[in-house]
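Close look at the chain arrangement
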Amino acid sequence: MSTLQDNIGEQLEELYLDLAKEHLQPLWTQERDLIPWSPKPAAVPWLWRGKTLKALATRSGDLVTIDRGGDRRVIMLSNPGLGGKPFATSTLQGNIQFLGPHESAPAHRHSPDAIRFILQGEGVWTTVEGDACDMYPGDLVLTPNWTWHDHNNETDEPMIWFDGLDVPITLALDAIFFELYPSDLQPQPTVHNRSTRTFGGKGLLPLDAADPTRNYSPLFIYRWADTEAALDALLEERGGPMVSLQFVDPTTGRPVLPTIGCEMHRVIPGGRAKPVRKVGSAVYVVYRGSGMSIINGQRFDWGPGDTFVVPSWAAVEHEASSAADVFAITDRPVLEALGLYREETLDEAQEISSRFEG
Ligand code: GTQ
């Protein structure tokens, strides 16, 4: 009996060696690492202070020219769980871009989708496919997959904004492309904000607005005044503690980009939203107000300009001490398109036990 078992042991060893030689692996030795019961994200909950980001971005502005690598002066959030990769989560990049007075960031395009959420400054515009989009605090600007874009600051003040990109997704799919525009900038149009003039009507669109070949919003800029009005109205209609909006393509009602969901959340003073967990990760940017979020049992206090990460399937609850408006990007459109999205609201008991799930 024992000889037979020793023999099997030896044969198994030999099998494993031969499998390895052939670049093959047995599934049964993996101990549920490959298909665990639920997501085990490597990314961890984390928060970066707005003050720190701004100070470091400003220092780079003094020291680094804009054409050093990638055409942009950008500082990338690097999640401590991701082994030094310049990614905020496994699927999303969250970057801080600094554009000094009288600087332009040259025109290029890439297959990653990108968004900008403006934190500070005005008088700067991003030209997207020939349409100059003026940027003011609280505005959301889209630079969809493969659209030409350059940034222009003709003022005496620097401008700082948050960039969200789907670079990790595009890399994982080996679908990344990048191209420089033939000249430094696109032709600078005299008429600005053409996408607003065409697609910015409230519930009103040109009769020929639909285009089945387009998978992103043709409205390139979403104004803070409109976002704020929508938040006010929804809160009045539904009451607190929290209301949440999604930015959508006005011609389809779909998310603004095929890979990046853009959201705005308002939490009323003293309001505390129920804990939820969702498949997919998010990067939050606090626009105004202050409060705290509990992410997998860990508390993060936040205020204007702070940015924080919620990994996939992490239990999260938000609480505001003063009226808080918090912008977020997510990978939800990807998960929904693939039938992988799910979410659940947790009661307190579930939330506490989920902290110990490992
Ligand atoms: O502004 O085009 O944060 O190309 C990273 C790469 C911003 C941009 C980033 C980019 C840009």
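Worth saying up front: this structure is predicted, and the values here are computed from it rather than measured. One numbering rule holds for all chains: residues counted from 1, following each sequence as written. Per-residue local features are limited, in this predicted model, to residues with pLDDT of at least 70; the limit for side-chain atom pairs, both in listing and counting, is 80 or more; totals at the level of whole chains, interfaces and linings are taken over all residues. Water and hydrogen atoms play no part in the side-chain values, which are based on all heavy atoms of the structure.

**Quick word on the packing of aromatic side chains**
Ring pairs shown here join Phe, Tyr and Trp side chains whose ring centres sit within 6.5 Å, with only the six-membered ring taken for Trp; geometry is labelled stacked below 30 degrees between planes, edge-to-face above 60, and tilted in between. Summed over all chains, the structure comprises 10 aromatic pairs. On the numbers, 5.5 Å between centres and 85° between planes, the contact of F117 with Y287 is edge-to-face. Of this pair, F117 sits in strand β5 (residues 114-120) while Y287 is found in strand β16 (residues 282-288), placing the two residues 170 residues apart along the sequence. As far as the burial class goes, F117 and Y287 line up, both buried. One aromatic cluster in this structure is built from F117, Y222, W224, F247, Y287 and F327. Working definition: helices are DSSP H or I runs of at least four residues, strands are E runs of at least two. Numbering for both runs from the N terminus. A simple rule labels every residue: compare its accessible area, found with a 1.4 Å probe on the protein chains alone, to the largest value its type can have, and call it buried under 20%, exposed over 50%, or partly exposed in between.

**Some points on the site of the ligand**
By convention in this text, a residue qualifies as near a molecule or strand provided that one of its non-hydrogen atoms is within 4 Å of it. With respect to spatial proximity, the complete set of residues near the ligand consists of R72, V74, N95, Q97, H108, H110, R116, H149, H151, D163 and L165. Under the rule applied, a polar contact is a pair of N or O atoms within 3.5 Å (in protein, one hydrogen donor and one hydrogen acceptor; residues adjacent in sequence only if both atoms are side-chain atoms). In the environment of the ligand, an oxygen atom lies 3.1 Å from a nitrogen or oxygen atom belonging to the side chain of Q97. In the environment of the ligand, an oxygen atom lies 2.8 Å from a nitrogen or oxygen atom belonging to the side chain of H149. Considering the ligand on its own, with 290 Å² of exposed area, one finds that the protein chains cover 89% of that surface. Among the elements of the structure, β3 (93-99), β4 (104-110), β9 (149-153) and β10 (159-165) are those that each provide at least two residues to the shell around the ligand. Polarity classes work like this: nonpolar for Ala, Val, Leu, Ile, Met, Phe, Trp, Tyr, Cys and Pro, charged for Asp, Glu, Lys and Arg, and polar for all others, with Gly in that last group. Among the residues forming the shell around the ligand, the class breakdown is two nonpolar, six polar and three charged. Note on areas: Shrake-Rupley, 1.4 Å probe, and residue coverage restricted to the protein chains presented here.

**So, helix α5 (residues 224-238)**
Between its first and last C-alpha, α5 extends 21 Å over 15 residues, near the 21 Å set by a 1.5 Å rise per residue. Among all positions of α5, only W224, T227, L231, L234 and L235 are buried. In a view along the axis of α5, the buried residues occupy a sector of 100°, so they form one face of it. In α5, the exposed positions angled more than 90 degrees off the buried face are occupied by A225, D226, E236 and E237. Whether two residues are in contact is decided by their heavy atoms: any pair within 4.5 Å suffices. Elements that come into contact with the buried residues of α5 comprise β12 (221-222), β13 (242-246), β14 (261-267), β16 and β21 (324-330). Phi turns positive, to about 75°, at G239, one or two residues after α5. An expected span of 1.5 Å times one less than the residue number is assigned to each helix. This arc corresponds to the set of directions leading from the helix axis out to the C-beta atoms.

**Section: the side chain of T170**
In this fold, T170 is placed in helix α3 (residues 167-172). Residue classification places T170 among the buried residues on the basis of a relative accessible area of 6%. Polar side-chain contacts of T170 include one of 3.1 Å to the backbone oxygen of D166. Beyond its immediate chain neighbours, meaning those up to four positions away, T170 contacts S111, P112, A175 and I176.

**Concerning the pattern of salt bridges**
Pairing between side chains becomes possible if they bear opposite charge and their charged atoms approach one another. The salt bridge criterion pairs a side-chain nitrogen of Lys or Arg with a carboxyl oxygen of Asp or Glu, the two atoms within 4 Å. What the rule picks out here adds up to 16 salt bridges. We note a salt bridge from E317 to R272, for which the minimum N-O separation is 2.8 Å. One end of the pair, E317, is in strand β20 (residues 316-320); the other, R272, is in the loop between β14 and β15 (276-278), and 45 residues separate them in sequence. Exposure remark for R272: the relative accessible area of 38% places this residue in the partly exposed category. In the salt-bridge network here, residues are joined through shared partners; they are E228, D232, R266, R288 and D325.

**Thoughts on unusual backbone geometry**
Residue G240 is joined to P241 through a cis peptide bond whose omega torsion reads 5°. Inspection of the secondary structure assignment puts P241 in the loop between α5 and β13. Of note, the phi angle at E129 is positive, near 50°, even though the residue is not glycine. Relative to the helices and strands, E129 resides in the loop between β6 (124-128) and β7 (131-135). By relative accessible area, which is 42% here, E129 ends up partly exposed.

**Details of the sheet that holds β12**
Sheet architecture is open: six strands sit in the order β2-β3-β10-β5-β8-β12, paired in antiparallel fashion. Each edge of the open sheet carries a strand with a single partner, namely β2 (74-76) and β12. Pairing between two strands requires that DSSP report at least two bridges joining them. With two bridges connecting them, strand β8 (residues 140-143) and β12 associate as antiparallel partners. What sits directly across from L140, in β12, is Y222. Sheet strands touched by helix α2 (residues 50-63): β2, β3, β5 and β10. Its angle to β3, the strand with the most contacts, is close to 50°. Axes, fitted as lines to C-alpha atoms, cover a helix only where it is in contact. Angles between the N-to-C directions of the axes lie from 0 to 180 degrees.

**With respect to a nonpolar patch on the surface**
Patch definition: residues above 30% relative accessible area lacking any salt bridge, with like charges linked at up to 9 Å and the nonpolar side chains Val, Leu, Ile, Met, Phe, Trp and Tyr linked at up to 5 Å. Taken together, the side chains of I8, L12, L15 and W28 make up a nonpolar region of the molecular surface, amounting to roughly 400 Å² of accessible area. The exposure class assigned to W28 is exposed, which follows from its relative accessible area of 57%.

So yeah, pure geometry; function would need other evidence.
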